[in-house]
Amino acid sequence: MTAGLLQRRRCAPEEPTLGFTLIELVTAMAILAVLSALSFPTWTNFQSKQRLSGGTRDVVSLLRHAQASAVANATTVKVDIAPDGTSVTEYLLNTSSVYVQTGKVALASGITVSAYSFTARTGGASASAFFYSRGTATGGTLTLRRTEGSTRTVTIEGVTGRVSYT
């Protein structure tokens, strides 16, 4: 009988260990924490640049819509920048000679219109951009800036009404 017990002990295979040890888990979490800490500044900078790009595309889209509306409705469309630079609004001159709001772009947090300058038909400076029924516009530029300092410039060509950005 003693021989049978000894034989059983020798033949019993050891159970394989499943899962991870505590040291392995802590090491993996430490590596993940270091990688996260290294990538965070890059990620926030990327997000900020994307907000500036998105805001620029939204403003350009609004300006192009203003030009198309002016031609389609055979009227004048005015585009104003909010005094605090956080939004751009489009107004259509209706048949009663009253400007009616037809579109607005609210810029993302940290993005503002920091400077703008438009040339009026009379040759003087204007605080608003105008698009006319023949496709022309008041030429000028507006600059969008993010709080970190980088900028994008939107240009309106007066003769053609072409809207572009850099």
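In the block above lies the structure referred to throughout.
Bear in mind that the values here come from a model prediction, so they are computed numbers and not experimental data.

1. Quick look at the sheet that holds strand β5 (residues 125–126)
- Strand order in the open sheet formed by 5 strands is β5-β4-β7-β8-β9, with antiparallel pairing between adjacent strands. This sheet does not close on itself; its edge strands, each paired only once, are β5 and β9 (163–165).
- Here strand β4 (residues 111–119) pairs with β5 via 2 bridges, running antiparallel. Opposite Phe118, over in β5, you have Ser126 as the bridge partner.
- Strands in contact with helix α2 (residues 22–73) are β4, β7 (140–146), β8 (151–156) and β9; relative to β7, the strand with the most contacts, it is inclined by about 155°.

2. Overview of the pairing of strand β6 (residues 128–131)
- Residues of β6 alternate between two faces, with Ser128 and Phe130 on one and Ala129 and Phe131 on the opposite face, all of them buried.
- Pairing geometry for strand β1 (residues 77–81) and β6, over 4 bridges, is antiparallel. Bridging from a neighbouring strand, Val79 pairs with Ala129 of β6.

3. Brief notes about a nonpolar patch on the surface
- A cluster of nonpolar side chains, namely Ile31, Val34, Leu35 and Leu38, defines an oily patch on the protein surface of about 410 Å² accessible area.
- Tracing the sequence through the fold places Leu35 in helix α2.

4. Let's talk about the pairing of strand β3 (residues 99–106)
- Both strand β2 (residues 87–93) and β3 contribute to a ladder of 7 bridges, which runs antiparallel. Residue pairing across strands places Thr89 opposite Lys104, the latter belonging to β3.

5. Side note on the packing of aromatic side chains
- A full pass over the atoms with the stated rule returns 3 aromatic pairs.
- Seen in terms of ring centroids, Phe130 and Tyr132 are 6.4 Å apart; in terms of plane orientation they differ by 15°. Their pairing is stacked.
- Residue classification places Tyr132 among the buried positions, given a relative accessible area of 10%.
- For Lys78, the ring lying beneath its charged end belongs to Tyr91, and the centroid distance is 5.5 Å.
- For Lys78, the ring lying beneath its charged end belongs to Tyr99, and the centroid distance is 4.9 Å.

Reading guide: rules and limits
- Residues numbered from 1 in each chain as written.
- Predicted model: local features only at pLDDT ≥ 70, side-chain atom pairs only at ≥ 80, totals over all residues.
- Heavy atoms only, no water.
- Pairing = 2+ DSSP bridges.
- Helix = DSSP H or I, 4+ residues; strand = E, 2+ residues; numbered from the N terminus.
- Contact = heavy atoms within 4.5 Å.
- Axes fitted to C-alpha atoms, helices over the stretch in contact; angles between N-to-C directions.
- Buried < 20%, exposed > 50% of the residue type's maximum accessible area, 1.4 Å probe, protein only.
- Patch = residues over 30% accessible without salt bridge, like charges linked within 9 Å, V, L, I, M, F, W, Y side chains within 5 Å.
- Areas by Shrake-Rupley, 256 points an atom, 1.4 Å probe, with all protein chains shown as cover.
- Salt bridge = Lys/Arg side-chain N within 4 Å of Asp/Glu carboxyl O.
- Phe/Tyr/Trp six-rings, centres within 6.5 Å; stacked < 30°, edge-to-face > 60°.
- Lys NZ or Arg CZ within 6 Å of the ring centre and 35° of its normal.

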